[in-house]
Structure formats: C-alpha cells, structure tokens
Amino acid sequence: MARPIVKAGAIIVLACALLVLLLGGIWLAAPGLASGALEKRLRGAGFPAASVAVERFGAAGAVLTVMLDAATQQRLGTVEVTWSLDSLMSLSAERVEVRRARLDLGLGEDGVPTLAGRPLKTDFGEGGAATGAEDASDEVALPLRVLRILDGELRLALPGGMVAGALSADLAQTPGGWTGRAALDAGAEGIELRLNPAGGGTAAQVQVRMSDLGLLAPALGGRGTLRAELAPDGRGWAGDAELTLSGATLASAPDTEAALAARGRLSVAGAEASFAPADCLSVSLGAMRLGTALRVHPVTICAASAPDAPLLRWRREEGVALMGRLRPFAAAAEISGMPVRLSLGVLDVTVAGQRLELAPEDLDLFLPGQGVAVRGLAGRIVLGGAAGQGLEATVRGTTSDAARPARFVDLPFELRASGDPRGGIVLAVSVQGPVPMRLSGRHDIASGAGSLRLSKTEAVFGPGGLALDAVSPALAARLAEMEGRIAATGRIGWGAEASGGAELRLAGLGFRIGAATVRGLDAVMTATSLQPLVLPPGQKVAVAGVDLGLPLTRGLAEIGYSDGRLAVAAARWDWAGGTVRAEPFSFDPAAPRSNATLVAEGLDLGTLLGMMDVDGLEAEGRLSGSLPLSVGAGRIAVEGGALSAAAPGQLRYDPAAPPAALASGAEGTDLLLKALTDFRYDTLEVGLDGVAGGEMQARLAIKGRNPGFYDGYPVSLTVTLSGALDTILRRGLDAYRIPDTMLEHMREFDAKTD
C-alpha cells in the first residue's frame, strides 16, 4: 500500500528534475539560445507540439516562455535563468526560477511516469544533459545551483482519481548535496519533500498525507500517512519510515474499518522498493461480515517479515509482493449464527501479483455450541489464477470432542478444496481413525451454504473387530458387550442447506444397556436430521432377542426419535408359544425412571412352564394378561405380571426323581405328588416377577381335580417356580429369522457401493 504513496513522492522529485533538466538542456544548447534548437530538443523529449519563446536575453540571464503542449495546457510557464561568470565557467546556471507551470503527471501501466499521458523522458539526445528514467533514486548532477518553482499547478493522476494542487519548490545545490523543500499541496492530500546534505550525498525527508485511500485503489477507503527519512545507500535510497492507516475499508466489506501502524526500513533502488517493519505491521480490524454466513469479531493481528526478506516489495515488472508471518493471535467469529473461536499459532502469508498463498500451522478452531474442536490445522491455501480455478487448498488437522466422556475419539483428517472463490468451492474430506470415512461436497461463498455427503462407511464390532470405546467412549459408557455391524451413508449441511440426514444399516447388532440385553438387532433406519437427531416414526426394527425382565424373542418394532424422546408406536415379540406386544409409549432415555406395559396373548402354558426347566412338569392351555415393566436405577423388571388361562386345561407333574423337598415321604408331599400326576384345572392364574439379568419367578394358583385322586375331589394349589432368564433367552434365539420384507430392504442397502 505504501508503494503508490512513495511513487507519488518520487513523481514530484521527477517533476522538479524535469524542469531542471529541460532548462539544463536549454542552457547547454547555447550559444544563441535559438528557440528553434530548444523546441527541437523538447520535441525529442516527447513533446511534439512544444514551443519556446525567448522574452529576454542578457549577460546576466534570460527569460523564456515554454509551452509543452498547448492543447492540454501543459507548460513550464515563465522560466527565468540567471547566471554568473563563475557559473558560466562551470557550464551551469546560477539560478532557475519557474512561474505558473502546469503539469499533468501520472503512472503508466508499466509503472513509468507520464506527463500529459506520454511516457516521461529525461534524455535530451546528443549534447544534452541526461538522467536515466529507469533509476529515479539516483542523484542527478543538474547544471544549476538554485531551483525555485512558484505558483505551479500539478495534477497527479492516481488509480482512483485525480489530485490537483499547488506545486512549489525551493532547492539549492551545495558541495555536500541538495537542500531545500518541494511540495504538492492539494488540501486534504499532500506530499512534502525536504532535502539535506548527508555524507557526501543528499538525504530526503518525505511526508505523504491521504484523506481518501480510494485514490490509490478504488477498492480502498480511509485515511493514511507516510513519513520517511531516506539517504543514499550505494544502491539507491534507504531509511526509516512510518506508515499509518485509519478508518481503512475494502469495497467488499464497506462496514468493516481497519487501522494499520508500522515502523521499519524503506528502501528504494531503481525500479524496486521494499519495506521491512522493525517489529511487525500491526493491523486492527473491526467487526466484519464476509458473505451472508460469516461474521468476524474485532481482532488485532501482527505481521512480521519473513527471515532475511522484506515484508513488502514492489518491482515495476512484477508489481507488489508480500511475504510475512502473522504472529499468534486469537479471534472469535460466527458462522450462520454458530459461534466459533479461533487460535492461530503461525500463518505465513505470501502475495505475488494476483496470487495469495497462506500456510497456517497450529490453527485451532472451537465450536462452543457443539463442544467440538479442530486442532493443529496446517496446510497450504492458494488464491489466484483463472476464474473457476482460483482456489487450491490442502489442510490437515484433528477433530476432537470436548465432552467427557467423548462422543467420538480424535479423528485426523485432510481437507482439499478447489474452485472459484467468488462462487462454488468443491470439497473433499478424508477422515482417518478407527473407522475411515470419505466425504465430498460443495460450498457457496456468496450464500455461505454448502453440504458434504458421506460415502458408505462400515464398522464391525466384537471379536476380531472394533471395541466400542475405540470409536465412542461416551457410547461405551452406556453400552457393553457391543457386537455386530453398522454401515452408514449420510449428508451434513450448513447455511441455507443446514438440514442433514443419514441412512443406517444395523446387522446382527447386540449390546447390553443397563440391565437390558439386546441380541440380533437388524434394521435399515433413516435420520432426517443429525443435529438434533430425528428418526421419523415408522422405523422398522427386527430383534432376535431382548431381555427386558422377560426373555422376549423374534421381535418386530416401529420406532421414532425426536425432541430427545424415543417413541414406540408398535412392538411385538414371540414368547412362550404366543405373542407379547407393547402398548404405544415414549420415553426419555436419559430419564431416571419410566414405565411400559406389555400385553400377552395366547401364551402356551406348557412352553412357559418348560422354561423353568422342571423335570416331569407338563401342562396344556393358553394364557393371556398384562406384564408391567419398570425401568430405572439400572434395572428393568417385570412387577406384578398377571396371566390367566382362557379355558380349563390339564397339568401333570410326575418327576423321575422328585426334588429333595418333595422326596421326604411326608403325608402332605405325597398327597401333592399324587394330585398333580393328572390334574384337570378349571382356573389357572400365573403371577410373574423378574429382573433382567436375574431370575423369573412364576406363581401358579390352580383350582381343579384329579379324577383318580379321591374320586375327583376339588383341590386348590399354589406353586412357585423359577428359572434363569439368560438361559431362557438363549434358547429363544436359536430359531430366529428376519421377516422377508425387511430382508429385501437390507439387501438393497448392502448392495450400495458408495
């Protein structure tokens, strides 16, 4: 940014030098000071319409009127040259005074100064004084001792507009160098140059003030100043400089103001200028919005030079180049209303022409609302090039979860992005870790919207596979004995495309959660939102077996999940030769306690009692009733289950070897055994109580008779039986088969390749 300001100061020096050199050429064209010879030399300098009129000529001097171009009113005006015998002997003028000059100066596309739109030449041809226009920093041995410019007018054409002001100069050449002052005063804008002898040469103090940075570049706004003290250094000019900008803005972010301050070393040599800050270039940025989605809070950054290189360099052939390193800083931002905190370790910045390259190291991002961090970001980002190919980036880092226990383990990743930064960016993400993943998608810079699609990803748990805590410590804290296969495809979005979703394939999944045990869970489930999680109602799940206080097998359920609650619209299991179904219910998995009721229909009494594994016990009949479930405090229990026989039936107990309690030979036990050998019941009721992972107790209350026992005398009996539920559950899994309609859906998912 300092380069146009320095160039503007150099242009004033060149303007003064031009006047002197032209007059030097006029003087050296003597004898005679013939106007024709002077006009010829001016036209050779690039002014084909130049005219010279000699107003007065004498022994002590001359007065001339010099017009460079009448059509554009480019003139040196009245030029008075004074000489003395001493100056004549040294072929120089004693004094040159220029009045009412008018000059239009600018910069060509190649960086060469122009006068009235023409490249500025300082070579007067054969016999004339000359200076190389290619090296504006070299001191010029001008053939005069004093130069004064009075009532001059200079119009300076800059990229963003015209600066017009009064041009003045009062310069004198001494044996030690030049001294004096030259200035362009355009009110709010101005340039002042002060020269002083220094070490056999001339030192320069330059001050530039700009009230509108848009004059330097239309995309800029704000105010700026430059102060520099330069001296010859063998190659050109070099010295201390101070640059400040305030209220600076960019057209792309007009509501964001920036302030900049820097002290350092400015060097100018020929067609090259460079600036290296003594410490760093400090930039304070106000709150800014980039696109519709990104808002960055106020931040101050500090840019230092790269080792052994200036921070800023300008070369005529290459333009401006920047090479530096941002020092560590922290910042805050919002993406689509989502807060983001940023901490930067190192950021190397390189600008060359239209190319911008960023190389971050140790960049950390934290999303407080999600409790997710991206740490150690490093890579390379390049902006510039043809439209549609203006961005190429490769960034690596690690995503981690701040929650404890973590919802997912640390996931190293690589992000590649390419495209047009003014439009769409193509994204590709590869995630390493226990379950490798690939994502691809797009991001629109203008709207801030985009999405990523997850290619088919699969994880196998259990023996020979993954342990759950290697994937999700948080899930491992709730689920034990995880086994089976999980596959997924999905999509995540942001901005206007913030909705996301996933399709999950669960195959042979088994686990224990609290006191409940699930085995052989199979499903294809669809999530319409991932944050928050939403599973629409009607998701079909097949379960080989589940121990909920009852060992239920061959189950089918329809579930949904939203607002943190799991809703069970329908659930049906096979049990004891009949069915058990759940009345519709919903519950919060995180709640300390919940209840549900199971309805039993057509249970086979013989099968139910057979689960108790009692030798010699047989029964016939069908039972129905209700089985209340209580979930809480790490246990699932059947409390007060009640079943009853729908019709009279038969029960027989004739063990080969009666249990010790019944083998005593006592009269009461002997009568009981005889009564049960062929008992015909009229009513039968079963009370059930059991805890998942423990035992189930069955209390039989029966009324009836044995035709061979006391001529069928009526008998009422109460018998308690028990059995281990885990054994009962394993037996129920043996004959499990997934329904054909669900199998077809699962085969379709398994056939996907991406």
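Residues numbered from 1 in each chain as written. Predicted model: local features only at pLDDT ≥ 70, side-chain atom pairs only at ≥ 80, totals over all residues. Heavy atoms only, no water.

Observations regarding the state of the cysteines
- Summed over all chains, the structure comprises one disulfide.
- The partner cysteine of Cys 280 in its disulfide is Cys 302, sulfur to sulfur 1.6 Å. When the S-S torsion is -130°, as for the bridge of Cys 280 with Cys 302, the disulfide is left-handed. With Cys 280 in the loop between β16 (272-277) and β17 (281-285) and Cys 302 in strand β20 (residues 299-305), this pair connects stretches of sequence that are 22 residues apart. Here Cys 280 and Cys 302 have matching classes, each one buried. (Disulfide = S-S within 2.5 Å. Helix = DSSP H or I, 4+ residues; strand = E, 2+ residues; numbered from the N terminus. Buried < 20%, exposed > 50% of the residue type's maximum accessible area, 1.4 Å probe, protein only.)

What to know about the pairing of strand β11 (residues 189-198)
- Direction of pairing for strand β10 (residues 177-186) relative to β11: antiparallel, over a ladder of seven bridges. Across the sheet, the residue bridging to Leu 184 is Ile 191, located in β11.
- Connecting β10 to the antiparallel partner β11 that follows it, the hairpin turn spans two residues, and Gly 187 within it adopts a positive phi of roughly 80°.
- When β11 meets strand β12 (residues 201-210), the two strands line up antiparallel, connected through nine bridges. Across the sheet, the residue bridging to Asn 196 is Ala 203, located in β12. (Pairing = 2+ DSSP bridges.)

Considering the confidence of the model for the protein
- Mean pLDDT for the protein: 81, with 82% of residues reaching 70 or above.
- For residues 122-140, every residue scores under 50 in pLDDT, and the model assigns this stretch 42 contacts once sequence neighbours within four places are set aside.
- For the stretch residues 725-736, pLDDT sits under 50, and the model shows 33 contacts to residues farther than four places along the chain or on other chains. (pLDDT = per-residue confidence, 0-100. Contact = heavy atoms within 4.5 Å.)

Quick notes on the side chain of Glu 192
- Positionally, Glu 192 belongs in strand β11.
- Within polar-contact distance, the side chain of Glu 192 engages the side chain of Arg 194 at 2.9 Å. (Polar contact = N/O pair within 3.5 Å; in protein donor to acceptor, adjacent residues only side chain to side chain.)

A short note on a nonpolar patch on the surface
- Together, Ile 492, Leu 530 and Leu 533 make up an exposed nonpolar region whose accessible area comes to about 220 Å².
- Among the structural elements, Leu 530 can be located in strand β35 (residues 529-530). (Patch = residues over 30% accessible without salt bridge, like charges linked within 9 Å, V, L, I, M, F, W, Y side chains within 5 Å. Areas by Shrake-Rupley, 256 points an atom, 1.4 Å probe, with all protein chains shown as cover. Salt bridge = Lys/Arg side-chain N within 4 Å of Asp/Glu carboxyl O.)

Quick notes on the environment of Gly 117
- Looking at where Gly 117 falls in the secondary structure, it is placed in the loop between β6 (113-115) and β7 (118-119).
- Residue classification places Gly 117 among the exposed residues on the basis of a relative accessible area of 64%.
- Distance in space between the C-alpha atoms of Gly 117 and Leu 107 is 8.5 Å, their sequence separation being ten residues.

A closer look at the pattern of salt bridges
- Scanning all chains against the criterion turns up 33 salt bridges.
- One salt bridge in this structure joins Arg 680 and Asp 678, with 2.9 Å as the shortest N-O distance.
- Given a relative accessible area of 36%, Arg 680 falls into the partly exposed group.
- Connected through salt bridges with shared partners, the residues Arg 95, Glu 97, Arg 99 and Arg 148 form a single ionic network.

Comments concerning the packing of aromatic side chains
- Enumeration according to the criterion identifies two aromatic pairs in this entry.
- With centroids separated by 5.9 Å and ring planes inclined at 55°, the aromatic side chains of Phe 57 and Trp 83 adopt a geometry described as tilted. A residue pair is termed long-range when its members are at least 10 positions apart, and Phe 57 in strand β1 (residues 51-57) and Trp 83 in the loop between β3 (74-82) and α3 (85-89) qualify at 26 residues.
- In this structure Trp 83 comes out as buried when scored by relative accessible area, which is 8%.
- Centre to centre, the rings of Phe 709 and Tyr 710 are 4.6 Å apart; their planes meet at 85°, and the pair counts as edge-to-face.
- Of the residues examined, Tyr 710 reaches a relative accessible area of 59% and is grouped as exposed. (Phe/Tyr/Trp six-rings, centres within 6.5 Å; stacked < 30°, edge-to-face > 60°.)

Some points on unusual backbone geometry
- Residue Arg 404 is joined to Pro 405 through a cis peptide bond whose omega torsion reads 0°.
- Relative to the elements of secondary structure, Pro 405 occurs in the loop between β27 (391-401) and β28 (411-419).
- With a phi close to 55°, Ala 576 is a non-glycine residue in the positive phi region.
- Relative to the helices and strands, Ala 576 resides in the loop between β38 (565-575) and β39 (578-582).
- Given the relative accessible area of 5%, Ala 576 is considered buried.
- One non-glycine residue with positive phi stands out, namely Asp 711, at about 55°.
- With respect to the helices and strands, Asp 711 occurs in the loop between β47 (695-705) and β48 (715-724).

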